[in-house]
Amino acid sequence: MNNEENNCLAHRQHVKYFMRFLNVLPASLSSHDTTRVTIAYFSVAGLDVLGSITSMTIDMQLRIIEWIYRLQVEPNKETGDMTACGFQGSSTINMPFDSEKSQYRCGHLAMTYTGLCVLLTLGDDLSRVNRRALVEGVKALQREEGNFSATLSGCESDMRFVYCAACISYILNDWSGFDVKRATDYIIDSIGYDYGIAQCPELESHGGTTFCALATLSLTNQLDKLTIEQIEGLKRWLLFRQIDGFQGRPNKPVDTCYSFWVGASLKILDALHLSNFESNKSYVYETQDCVVGGFSKWPDTCTDPMHTYLGLAGLSLIGESGLLEIIPTLNITKKAHDHMKYLHRIWETES
């Protein structure tokens, strides 16, 4: 296959690829059973960026919406406590509050964020989302340092979940559960000597967490808290992550997903145009499976839903034809983002 043929989007195959993951979880992903919502997000969002949501029947879309709502953790019926509220990752741990293991029935920030994105992408009006409870669930997870834990039942607390909490607050148009100043201080404290941003202060700079930090600052209108030196240093650090595709850290191999994580970070800083679009595109297409669909992290390795979606999202950022526009901060299409803004106007009118 010549290079020109390879740099062509296998649109039909990718649609079929995502549809397979929405119909059954393959054995290769059985270890991700408790995080099925993220797989649904990559698949639904992937179909959306391909402009192919209609590949799902209306009945299938409604079934996915109903499934997401069944994973919503409501306030405790006896006490009214909302600290555990949010969305779970799958029905595997969906148990009643009076169960002996009810402490594990709690929302997870990443599942709540991706669950809301699925609902928005499918055009749901979020009328069954307990918005107040979700905001209280976010509030309960912010730590003194400004970062967030993923869940009440115990988990890491780092930049990934700062981002998820910011996205949830933005989607719900309610920041009362998110201490913006503390989160901003945490992000600034996590900027390294090289100007990249780490999971936590004093750790190694990373492309994924730099995205989480910058997107949070953008969503909270706090980008102006960065100095000119920090912004220019960030641009330089991010641009130096490009080899042909992008790597996540210095001296690491390039990886398809960083075409989005690093590309979106540069987009937020209005610097994506300084990167080499053709080299980026060429690498991403090297990881494309033109026969069964999907993208992998490296050429000639197994494809997966995450790298497939993020590969497409990265291509969308650089204007690849046949793909819908992506809003980099929320990692959903402009179409889904416009629907969210429409809901915000309705909520403001109702209030």
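These remarks concern the structure in this document. Predicted model, so just to flag it, every value in this text is computed and none were measured.

Let's shift gears to the side chain of Q142. Looking at where Q142 falls in the secondary structure, it is placed in the loop between α6 (131–141) and β3 (148–149). A polar side-chain atom of Q142 sits 3.1 Å from the main-chain carbonyl oxygen of G146.

With that settled, the discussion passes to the state of the cysteines. Defined simply, a disulfide is a covalent bond joining two cysteines at their sulfur atoms. Taken as a whole and assessed by the stated rule, the structure comprises 0 disulfides. Between C164, a free cysteine, and C167, which holds the nearest cysteine sulfur, the sulfur-to-sulfur gap is 6.5 Å. Not part of a disulfide, C302 finds its nearest cysteine sulfur in C290, a span of 16 Å. Residue classification places C302 among the exposed residues on the basis of a relative accessible area of 70%.

Residue placement: K225 occurs in the loop between α9 (207–219) and α10 (228–239). On the basis of relative accessibility, which here comes to 43%, the residue K225 falls in the partly exposed class. A sequence separation of 37 residues divides K225 from I188, and the C-alpha atoms of the two residues are 8.5 Å apart. Residues contacting K225, with those up to four places away along its chain left out, are T184, I188 and Q230.

What counts, and at which threshold
Residues numbered from 1 in each chain as written. Predicted model: local features only at pLDDT ≥ 70, side-chain atom pairs only at ≥ 80, totals over all residues. Heavy atoms only, no water. Helix = DSSP H or I, 4+ residues; strand = E, 2+ residues; numbered from the N terminus. Polar contact = N/O pair within 3.5 Å; in protein donor to acceptor, adjacent residues only side chain to side chain. Disulfide = S-S within 2.5 Å. Buried < 20%, exposed > 50% of the residue type's maximum accessible area, 1.4 Å probe, protein only. Contact = heavy atoms within 4.5 Å.

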